[in-house]
Amino acid sequence: MKKIFSFLLLFSLAFPLWAAVSIKGSIVDAGDQTPLDFVNVTLFKQGSKKPITLVSTDTNGSFVIPTVENGKYNLRISYVGYNTVNKVIEVNSSHVNLGVIKMDADSKKLGEVEVVGQSAQMHFDVDKKVFNVDQNIAAAGGSATDVLKNIPSVTVDDQGNVALRKDGNVEVWINGKASGLTADNRAQVLQQLPAESIESIEVMTNPSAKYNPEGSAGIINIVMKKNHKAGYYGSVSAGLTSPDNGKLGKNLGASINYSSNKVDAYVNLGYRAMSFQGGGTTNRRNFVGKDTTLLNQTNTMGTSFSGLFMRAGVDYHLDSKNTLSLSGFGMAGDGNQNTFIHNRQTDLATDPANLLRNYTQDNTGSGNRPSLNMNLDYHHDFDKKGSGINANVSYSAHKRDGNGTYDQNDLITKAESNINQNTTSNNTEFEAKVDYTNKLSETSKLEAGWQSDVSNRLSSTSGTNNPTASNGLLIPTDISTYYDNFNYNEQIHAGYLTYGNRFDKLNFQLGMRAEYFRKGSTNTYKVGNTERDTVQVIPQKGLFHIFPSFYLSYSLSANDELQFNYSNRVNRPRGQQINPFKNYSDSTNITYGNPNLAPQYSSSLELNYIKTLGAQTLSASVYYHSTDNVIQNVRFLHDGVMQSTYLNIANSQNTGLELISKNRVFRILNLTSTLNLYYSKLDSATFVSPYDQRVFVPGQSNFSWSANVMANFMLSKTFSGQITGNYSSPQLIAQGTQNAKYTVDLGVRQTFMNRNLSLSLNVRDLFNSDRGNQTTSGSGFTQTTTSYFHGRMYGLTLSYNFGNMKPKQTEKKKEASPDMNMDNAD
């Protein structure tokens, strides 16, 4: 820690304070006084026609031109459908605040202008990267999962697990809140969330102390659409999806919005019904003494689900300084999964043709997953400088009920086993939060807040096992009936304080968050014919931890900026990771959690350089993560049967370089290209299994890389398209490696009726290459696994916009601007 703070101090002192100021202001419609976003603000040196810099207003109509040297300038403010405003400005060592600038609409231009252009795919904010996905053609008719697959540095595997910079310890939020999403339900929620309801994706790789420190890799925030045009407007959509070897899927959507001086309201509805065909293979070599056996497993899997998504909200403006908001979203749906597995085990030591075991598993399951999230918000502005207070109370409930049947048949001994299992999980969370912002001066800001979270997670499993014979089956025959109730509860109470200031070209922010974390669990279970329940209680335990953060940015020029930041974050084990219930549904791989897992803490350092040249932007980030008590899923053999659980086994270090280039080519093509280089190192460790076996996990180090290219093209004013390509080289995972993988998505869109009607066609996973391939090894085994959730998918979506779409020209400008600074946070 001393080394880190010494480095921060030296880094801070290394920058000289040069004399430069900023120019700021806000732009509104001269008629109705509504803020105008995406207005082009261009600065020229007086007497020169070459622009020094170009910025755009945000959704509040505000703009800032940083680091302007002393002198005289011309400021040009231009906006489609409005008369251009020109101003002469003199800068003399004091910051220039132009106040409110009014623009008059040009009715002649409004009638004549016809804009052909595209919105920018991404932009940089102070602490995050924002990816605009509201016009994502390749994911049209898809889900939030499909959208995330196309975000640079974000990966989603075939099980729906999300990772950021190849680290799965990432938080996924909806509109700035966790919204009850957990590692256990996240995949299902994201698969049901319609892509058309998403405005943008915010990626925060090193969040400040203001934010919840959960997720050592960072935070991915899904921002839902919430426009503020005057009057009413909305849209309806319908689509079909056809996956390889699956059944035809359907998606429907509708939204209606209303906005006035006192009330903003919206309702969104979405329905999705999908059917996929997946499968995979596993080859495992077991070494027991001098004996070597080979287990070959092949499986086919059919998955289908249908569900309804609903989101609604209303903002009531009590007066110019106070707003009260009520919002929420809910999901309801059910699904089915059928998996057929064929296992063959042969003797490689003496006779490879000798078939030791030959049996099948036929697994069927069904379930439903209703969820609800409600939010009550209050916002008060103390002044027009940005000082204010936000208060929020939220409640979320996620439930999942399922039942499954697992039939095993030994084709040699004719032994059979039939397991019927019912599972129920019920997660509830209550959160109260207050955020206070005080704009102390033009350059300094103080933020403080408090957050309390209380959650409960109850998981219940019960089942019966009906074996006809024991010979050849791996499931113990004494397990005739069983049940398990795992009740986990936790509380988190946190307060934070951040202070930021600017000295000419130098900006900094210091932050500290103090958290008190308290958890406890009760596990009640019964296995076989025992007379009484077994109760395992993990008593309430409290932990206090301080999470510091530090941000520093320095503007080398109007187009060059350096950023440095540090934060401390945590990944707390929950759900399946800590539930000790043993799952025998796959008798070749028995899984269970570990209630004694400890949190893993990470320290992160990141250095960023951003270069802007008109419509071209280059970002380079060097980062380092050090993690203690790394939680890993480890495998070991016991009596010839593979078992897996979770353990804190070692420390890890991750270093990387992320390069992002944003380019506009020939006015018809927007390119966003990302290259990530990673170096990962995991220390060796030895652990003792629940059967008192000493298992050694060797240390590993690995260099890997990934690349992503998003290309948006517009060939005419009504025809546009998108191509997205991803590649990941082999990478380090627990006890092995994940092999290389690539995917390509393609989409085109044709608009009609003055762009109110659009028809989209897309192909996801164009080359059918989205496959998971892993090689793992441990004490007594080596294993290769290939799996896929679904194959190539074709989609067709028709959408229609209606209502009063023209009171503000914001949308036209949004299409025309080659480079925009969008603030999409709800």
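Residues numbered from 1 in each chain as written. Predicted model: local features only at pLDDT ≥ 70, side-chain atom pairs only at ≥ 80, totals over all residues. Heavy atoms only, no water.

Caption draft 1: Highlighting the overall build of the protein chain. Across its full length, the protein chain carries five helices and 44 strands. For the protein chain, the residues scored as buried account for 51% of the 826 residues in total. Here the contacts in the protein chain between residues at least 6 apart in sequence split such that 68% fall between residues at least 24 apart. Surface summary for the protein chain: the accessible area is close to 35600 Å², and the carbon and sulfur share equals 56%. (Helix = DSSP H or I, 4+ residues; strand = E, 2+ residues; numbered from the N terminus. Buried < 20%, exposed > 50% of the residue type's maximum accessible area, 1.4 Å probe, protein only. Contact = heavy atoms within 4.5 Å. Areas by Shrake-Rupley, 256 points an atom, 1.4 Å probe, with all protein chains shown as cover.)

Caption draft 2: Quick peek at the nonpolar core. Grouped together as the largest cluster of nonpolar side chains are 30 residues, with contacts concentrated most on Leu148, Val162, Leu190, Leu193, Ile198, Ile201 and Ile222. Among the elements of the structure, helix H3 (144-148), strand S10 (154-156), strand S11 (162-164), strand S12 (170-174), helix H4 (186-192), strand S13 (198-204), strand S14 (218-224) and strand S19 (322-347) are those that each provide at least two residues to this core. Filtering out sequence-adjacent residues up to four positions away, isoleucine 198 remains in contact with Val133, Asp134, Ala144, Val147, Leu193, Ile222, Val223, Met224 and Lys225. Formed by 21 residues, the second largest nonpolar core is a distinct cluster that contains Ile23, Leu36, Leu43 and Leu75. (Core = buried A, V, L, I, M, F, W, Y, C linked by side-chain atoms within 4.5 Å.)

Caption draft 3: Just the environment of methionine 204, in detail. For methionine 204, the position within the fold is in strand S13. The buried category is assigned to methionine 204, whose relative accessible area is 2%. The sequence separation of methionine 204 and valine 130 amounts to 74 residues, and the corresponding C-alpha distance is 8.9 Å. Apart from the residues within four sequence positions on either side, methionine 204 is in contact with Asp127, Lys128, Leu164, Tyr211, Gly218 and Ile219.

Caption draft 4: Molecular detail of the sheet that holds strand S2 (residues 40-45). One open sheet holds the four strands; their spatial order is S3-S2-S5-S6, and the pairing between them is antiparallel. Two strands lie at the open edges of the sheet, namely strand S3 (51-56) and strand S6 (85-91), each paired on one side alone. Averaged over all pairs of adjacent strands, the angle between their axes in this sheet comes to 20°, without regard to strand direction. Note: S2 against S3, five bridges, orientation antiparallel. Residue pairing for S3: valine 41 is matched across the bridge by valine 55. (Pairing = 2+ DSSP bridges. Axes fitted to C-alpha atoms, helices over the stretch in contact; angles between N-to-C directions.)

Caption draft 5: Looking closely at the packing of aromatic side chains. With the rule as written, the count across this model stands at nine aromatic pairs. Centroid distance phenylalanine 382 to tyrosine 436: 6.1 Å. Interplanar angle 70°. Geometry classified as edge-to-face. With phenylalanine 382 in the loop between strand S21 (371-381) and strand S22 (388-410) and tyrosine 436 in strand S23 (residues 416-438), this residue pair connects regions lying 54 residues apart in the sequence. On the basis of relative accessibility, which here comes to 40%, the residue phenylalanine 382 falls in the partly exposed class. Grouped by ring-pair contacts, the aromatic residues Phe276, Phe305 and Phe789 constitute a single cluster. When the ring centre of tyrosine 623 is taken as origin, the NZ or CZ atom of arginine 165, which lies over that ring, is 4.0 Å away. (Phe/Tyr/Trp six-rings, centres within 6.5 Å; stacked < 30°, edge-to-face > 60°. Lys NZ or Arg CZ within 6 Å of the ring centre and 35° of its normal.)

Caption draft 6: Structural view of the side chain of serine 728. Tracing the backbone shows serine 728 in strand S37 (residues 719-728). When its relative accessible area of 15% is taken as the criterion, serine 728 is described as buried.

Caption draft 7: Summary view of the pairing of S14. Counting buried positions along S14 gives seven out of seven residues, so the element sits mostly inside the fold. Going residue by residue along S14, you find Gly218, Ile220, Ile222 and Met224 tucked away on one face and Ile219, Asn221 and Val223 tucked away on the opposite face as well. In the sheet, S12 pairs with S14 via five bridges, with the strands oriented parallel. Its bridge partner being in S14, isoleucine 174 is matched across the sheet by isoleucine 222. Summarising the sheet, S13 and S14 pair through six bridges and their orientation is antiparallel.

Caption draft 8: Quick look at the pattern of salt bridges. For the coordinates displayed, the defined rule picks out 17 salt bridges. Here arginine 764 makes a salt bridge to aspartate 146, at a shortest N to O gap of 3.6 Å. Here arginine 764 is found in strand S41 (residues 757-764), whereas its partner aspartate 146 is found in helix H3, with 618 residues between them in sequence. Each member of the pair, arginine 764 as well as aspartate 146, is classed as buried. The structure contains a network of salt bridges with shared partners spanning Glu214, Glu490, Arg513, Glu515, Arg572 and Arg574. (Salt bridge = Lys/Arg side-chain N within 4 Å of Asp/Glu carboxyl O.)

Caption draft 9: Structural detail: the side chain of glutamine 563. Within the secondary structure, glutamine 563 sits in strand S28 (residues 560-571). With relative accessibility at 11%, the residue glutamine 563 sits in the buried group. Polar contacts involving the side chain of glutamine 563 include one to the side chain of glutamate 561, which spans 3.4 Å. (Polar contact = N/O pair within 3.5 Å; in protein donor to acceptor, adjacent residues only side chain to side chain.)

Caption draft 10: Local environment of the confidence of the model for the protein chain. Looking at the protein chain, pLDDT values average 81 and 86% of them are 70 or higher. Of all secondary-structure elements in the protein chain, the lowest mean pLDDT belongs to helix H5 (residues 810-816), at 37, while S21 reaches the highest, 94. In the predicted structure, residues 1-20 sits below a pLDDT of 50 and forms 31 contacts with residues beyond four places in sequence or in another chain. In this model residues 107-118 is a low-confidence stretch, pLDDT under 50, and it forms 31 contacts with partners more than four residues away in sequence or in other chains. (pLDDT = per-residue confidence, 0-100.)

Caption draft 11: Representation of the environment of leucine 98 in the model. Of note, leucine 98 is situated in strand S7 (residues 96-103). The class for leucine 98 is partly exposed, based on a relative accessible area of 23%. The residues contacting leucine 98, other than those within four sequence positions of it, are Ile23, Lys24, Phe63, Leu75 and Ile89.

Caption draft 12: Quick look at unusual backbone geometry. Backbone geometry places asparagine 754, a non-glycine residue, at a positive phi of 60°. Relative to the helices and strands, asparagine 754 is located in the loop between strand S40 (741-752) and S41. Asparagine 754 sits in the exposed class, given a relative accessible area of 61%. The phi dihedral of arginine 755 falls on the positive side, at around 70°, and the residue is not glycine. Its place among the elements puts arginine 755 in the loop between S40 and S41. The exposure class assigned to arginine 755 is partly exposed, which follows from its relative accessible area of 25%.

Caption draft 13: Structural detail: the environment of histidine 398. One can find histidine 398 in strand S22. When near neighbours in sequence (up to four residues on either side) are disregarded, histidine 398 contacts Ser179, Gly180, Leu181, Asn185, Val189, Pro370, Ser371, Ser425, Asn426 and Asn427.

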